Amino acid sequence: MTAQDAVIWAHGLTKRFGKVHALTGVDLVVPPGSCYGLLGPNGAGKTTAIRVFATITSPDGGEVRVAGYDVVREAQQVRHQIGLAGQYAAVDEDLTGWENLYIFGRLFRLGRRKARQRADELLDEFALSHAAHRLVTTYSGGMRRRLDLIASMIISPKVLFLDEPTAGLDPRSRLQIWDTVRALVDGGTTVLLTTQYLEEADLLADQIAVIDAGTIVARGTPRDLKARIGSRVDVVLQPAQDLTEAAAALTTIAANNTEPDVDPDRRTISIAVAANAITLPEVVRHLDTSGIEVLDVGIRHPSLDEVFLRLTGHQGLTPAPTDLEASHHR
Amino acid sequence: MTQTLPRASTLASGLADGVTVMNRNLRKLRHKPGQIIAELTVPVMMVLLFGYIFGSAIAIDGGDNYIEYLMPGLLVMGAALGALSTLTAIARDNSLGVMDRLRSMPMARWAVTFGQTAATLLIGIVGLVVMSAVGLIFGWRAHNGIGPTLGAFGLILLFYYAVSWLGALLGSLVDTEETATRLMTLALPIVMISNVFVPTAGMPKALQVVADWNPVSAAVTACRDLFGNPGVPFGDTTWPIANPVLATVGSALVILAICIPLAVMRFQKNAD
């Protein structure tokens, strides 16, 4: 895909803040109509990348094109094509939800009537009309984030940047945001999404780039990335079954003849297999012909957490929160 | 790929953006009736407090009516302090994510600060009218006719506008809203080291030099002169006090010339 066809195209993007190298040569190609996930821990450079793409901050090096325009030389053209929503819900707390949308609409150069119409429409569509004329200070974290997301959709942007759109949200609000993002992508919007939640990237993104310490360490579909790690076959043996004999039989299906993990106390054996190399019935048949007696058997696919650990060599990712308070960002 | 060509960011659309930002700031005020009440009661309190509590103990040469001496000072002081509200307003916008959203939008870059200061100026005009009305009730008068009186008000508003840009620049430099609020408290002593309440002649020499060169003093002297109120010194004075109108216009223009480009640049720069 060329720089012209891609909706977001970055080549050798670098950005420094004083002595801190936030981005150290990022290459990224996002095809139109896709949802692209930028996955990485805090401080990996995700937000900096989004800020460069959204023309808020200029890159120090490299070339970046968004919607076909150069983010430095043609920033104003880029701004007509993009929407931005983020973890810091960039809405005005001292105004009502409706006023926020109206003012942003006017600043997108919509006429008065059109801006009014659009504000009503969006609040209605995203189930916020009951709170339209309340000050944003009275909104819950989820409502605020939804308003922020809506505000980025006023002009139906070609490209939408979502910087950790569900960070700190309760599970129900996260589901609402996910539904909205899916609907947008189905409607043809290209979405670039940063997240540190594996589940989110796995569910929403067609393509994922894993970013660590300012550079992209891996990219591919969620399936590709998981395939790099492979799967595991876990068996629980019958009390009478000999452990060593079972381990030897299982080694024959292991990827690259890796040694199985044997837990004599719990009488379980776990072995690594290549991703999608073997199906459950095949495992069962193999055990059967080898005369291994098992209580339970299963194939476990890796989580992106394990993928990330393998790719970066460190555990950087936060598990999805289940009981986090609704965000109050200040 | 079909493209609708974006409209060039012309002066007219930039002005429209500025008006929208101004509208936004005025709407914010509407949601804070407490702040409106405060804006309206502060002038009354200031005239009562300074005019009658301090005034009873302050004797001024060339006039036994302290309110006549005080009012030009209070009008300028109220303008200086009111205009600095841009400091906290801009700092607050920066601390929330709103500024980042504005930076990602196709609006004119300079419109944000211009809109903010325009809204502040409108509020300032209301404040000036209220304060003058309170002064009139308590016996203050302008004696030189319509022209010089309007001239004095124009001077106060020019001074006000310059200070609001100074506030906008400072607001874009501080890191948090809290720092901005703390910085605001410094403004009162700076404004008071002047001839707002008492003539500078009685001050210690060093303080007198500072007070005489304080642009606030020049603005106050110019207003006293134009309103025909007492307290304009004769004879041997410093240049700004001898040429108060020129000094006020000059200092306001210098502040504007420095602060406008820097504040607008900061709007871009802050992103890094």
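Since this is a predicted model, take the numbers as computed values, not measurements. (Residues numbered from 1 in each chain as written. Chains lettered and ligands numbered in written order. Predicted model: local features only at pLDDT ≥ 70, side-chain atom pairs only at ≥ 80, totals over all residues.)

Let's shift gears to the overall build of chain A. Of regular secondary structure, chain A possesses eleven helices and 14 strands. Overall, the C-alpha framework of chain A stretches about 80 × 45 × 35 Å when taken along its three principal axes. Taken across its 330 residues, chain A has 45% of its residues classed as buried. Residue pairs in contact within chain A that sit at least 24 positions apart in sequence constitute 68% of those at least 6 positions apart. (Helix = DSSP H or I, 4+ residues; strand = E, 2+ residues; numbered from the N terminus. Buried ≥ 20, exposed ≤ 12 C-beta atoms within 10 Å, placed from the backbone. Contact = placed C-beta atoms within 7 Å.)

Before going further, it helps to spend a moment on the interface of chain A and chain B. At the junction of the two partners, chain A supplies 27 residues and chain B supplies 23 residues. Residue classes in the side of chain A that touches chain B are distributed as twelve nonpolar, seven polar and eight charged. (Nonpolar A, V, L, I, M, F, W, Y, C, P; charged D, E, K, R; others polar.)

A few words now on the packing of helix 3 (residues 97-107) of chain A against helix 1 (residues 11-30) of chain B. Running from N to C, helix 3 of chain A and helix 1 of chain B point in directions that differ by 165°, and their axes come no closer than 9 Å. If you check the angle between helix 3 of chain A and helix 1 of chain B, you find them roughly antiparallel. Along this stretch, helix 3 of chain A crosses helix 1 of chain B, giving a crossing that reads as left-handed. The residues of helix 1 of chain B that touch helix 3 of chain A, namely those facing E99, I103, R106 and L107 of chain A, are D17, T20, R24 and R27 of chain B. The class makeup of the residues in the contact of helix 3 of chain A with helix 1 of chain B is two nonpolar, one polar and five charged. (Axes fitted to C-alpha atoms, helices over the stretch in contact; angles between N-to-C directions. Parallel < 35°, antiparallel > 145°, perpendicular 65-115°, else oblique. Left-handed = near helix turned anticlockwise from the far one by under 90°.)

Moving on, we get to the sheet that holds strand 8 (residues 190-195) of chain A. All names here are of chain A. With mixed pairing, six strands are arranged side by side in an open sheet as 6-7-8-3-9-10. If you trace the sheet from one side to the other, it starts and ends with strand 6 (82-86) and strand 10 (215-220), each paired once. Along the sheet, successive strands turn relative to each other by an average axial angle of 15°, direction set aside. Across five bridges, the pairing between strand 3 (residues 35-39) and strand 8 is parallel. Its bridge partner lying in strand 8, C35 is registered against V191. Seen against the sheet, helix 6 (residues 171-186) touches strand 3, strand 7 (159-163) and strand 8 and runs at an angle of roughly 150° to strand 8. (Pairing = 2+ DSSP bridges.)

With that settled, the discussion passes to the domain arrangement of chain A. Here chain A is partitioned into domain 1 (8-226) and domain 2 (231-300). One C-alpha centre belongs to domain 1 of chain A, the other to domain 2 of chain A; they are set 45 Å apart. (Domains from an automatic or database assignment.)

The next thing to look at is helix 5 (residues 141-151) of chain A. Burial of helix 5 of chain A is extensive: nine of the eleven residues sit out of reach of the surface. On the buried face of helix 5 of chain A, the contacting elements are strand 6, helix 3, helix 4 (112-125) and helix 6 of chain A.

Moving on to the nonpolar core. Core analysis: the biggest nonpolar cluster contains 148 residues, and F53 of chain A together with V76 and C223 of chain B have the highest contact counts within it. Tallying contributions element by element places helix 7 (residues 146-173) of chain B first for this core, with 13 residues. Sequence-distant contacts of F53 of chain A, defined by excluding residues within four places in its chain, comprise I8, V64, V66, V71, F161 and L192 of chain A. The next biggest cluster of nonpolar side chains, apart from the first, holds eleven residues, and it includes V233, L237, V273 and V283 of chain A. (Core = buried A, V, L, I, M, F, W, Y, C linked by C-beta atoms within 7 Å.)

Below, the discussion takes up unusual backbone geometry. Residue and element names in this part refer to chain A. A positive phi angle is found at R109, which is not glycine, with a value near 70°. Looking at the secondary structure, you find R109 in the loop between helix 3 and helix 4. Here R109 falls in the buried class, since 20 other C-beta atoms lie within 10 Å of it. At A127, a position not held by glycine, the phi torsion is positive, near 55°. Structurally, A127 can be placed in the loop between helix 4 and helix 5. Judged by the 11 C-beta atoms lying within 10 Å of it, A127 is exposed.

On to the confidence of the model for chain B. All names here are of chain B. This prediction gives chain B a mean pLDDT of 88; 93% of its residues lie at or above 70. Below a pLDDT of 50 lies the segment residues 1-6, which in the model reaches five contacts outside its immediate sequence neighbourhood of four places, other chains included. The complex prediction reports pTM at 0.81, with the ipTM value standing at 0.84. (pLDDT = per-residue confidence, 0-100.)

We now examine the packing of helix 3 of chain A against helix 5 of chain A. Residue and element names in this part refer to chain A. Direction vectors running N to C along helix 3 and helix 5 enclose 20°, while the axes themselves pass 10 Å from each other. Of the possible angle classes, the one that applies to helix 3 and helix 5 is roughly parallel. Note on packing geometry: the crossing formed by helix 3 with helix 5 is right-handed. Residues G97, N100, L101 and F104 of helix 3 pack against L147, I150 and A151 of helix 5. Its residues assigned to classes, the contact of helix 3 with helix 5 comprises five nonpolar, two polar and no charged.

The next thing to look at is the sheet that holds strand 2 (residues 20-30) of chain A. All names here are of chain A. If you walk across this open sheet you meet the four strands as 2-1-4-5, and the pairing is antiparallel. Since the sheet does not close on itself, it has two edges, and those belong to strand 2 and strand 5 (69-70), each with one partner. Note: strand 1 (residues 8-17) against strand 2, eight bridges, orientation antiparallel. Bridged to T14 within strand 2 is T24.

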